[in-house]
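Observations on the three-dimensional arrangement
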Amino acid sequence: PELEQTVRVNDPHADLHDVRARLRLGEDGVDWQIAGDIADLRLAAGNGLPGVEGIGARVRAVPAHIQIDLQSARSSIEFPDLFRNALPVARLEGRLDWLPGQDGRWELVSDHLALDTPDIRSRSRVRVVAQPDAPLFLDLQTNFRDGDAQRVGAYLPVGIMRPELVQWLDRGVVAGWITSGTAIF
């Protein structure tokens, strides 16, 4: 039922290419592996997941590890509860490792994730840990550079900011160039 609800709300679509699968049944149990390329992944925002459009990746999955090598251009990512609008993505590259654990625990890790928009370039390191009955843990460091300050409003996480601060930043940051910076969360 949970998967059915996710599919209904998020309405995933993608083109799959070069899909390969292996299944081995042995005395020690079942061993499997699946790999393939995903092109033009589209996912509506909902169920705590961001919306995406135009994402491409190479995926390799085994029982205890899913490796996702992202390679996208001209795509978008939408966090409707966080940002005002979908964020345009000029380039998205990097490796994500999803490590499902026991009893519903999982971890998502990337040591190098490049995300460039038409307005700014960024490189990030991220670790997300989810555990049942516990708040989501996020460890994020983002280094950014070459940014158009006039467009900063599109990248403010207004969903978690006080409205007064958002208004102040909207009025105060009207032009300029962001040479570089770092955000740690």
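Coordinates for the structure precede this section.
What counts as what
Residues numbered from 1 in each chain as written. Predicted model: local features only at pLDDT ≥ 70, side-chain atom pairs only at ≥ 80, totals over all residues. Heavy atoms only, no water. Helix = DSSP H or I, 4+ residues; strand = E, 2+ residues; numbered from the N terminus. Buried < 20%, exposed > 50% of the residue type's maximum accessible area, 1.4 Å probe, protein only. Contact = heavy atoms within 4.5 Å. Lys, Arg positive; Asp, Glu negative; His and termini not counted. Charge placed at Lys NZ, Arg CZ, Asp CG, Glu CD. Polar contact = N/O pair within 3.5 Å; in protein donor to acceptor, adjacent residues only side chain to side chain.

1. What about the overall build of the protein chain?
- For the protein chain, the helix and strand inventory stands at two helices and nine strands.
- Beginning at the N terminus, the succession of helices and strands in the protein chain can be written as α-β-β-β-β-β-β-β-β-α-β.
- With the C-alpha coordinates aligned to their principal axes, the bounding extent of the protein chain is approximately 65 × 35 × 30 Å.
- Here the protein chain holds 185 residues, and 28% of them are scored as buried.
- Within the protein chain, residue pairs in contact and separated by at least 24 positions form 46% of the contacts whose partners lie at least 6 positions apart.
- Charged side chains of the protein chain number 20 positive and 27 negative; the gap between the two group centres comes to 5 Å.

2. Considering the side chain of Asp119
- Here Asp119 is to be found in the loop between β6 (106-116) and β7 (121-130).
- Classification of Asp119 as buried rests on a relative accessible area of 13%.
- Within polar-contact distance, the side chain of Asp119 engages the side chain of Tyr155 at 2.6 Å.
- Ignoring sequence-local partners within four residues, the contact set of Asp119 consists of Asp146, Gly147, Asp148, Arg151 and Tyr155.

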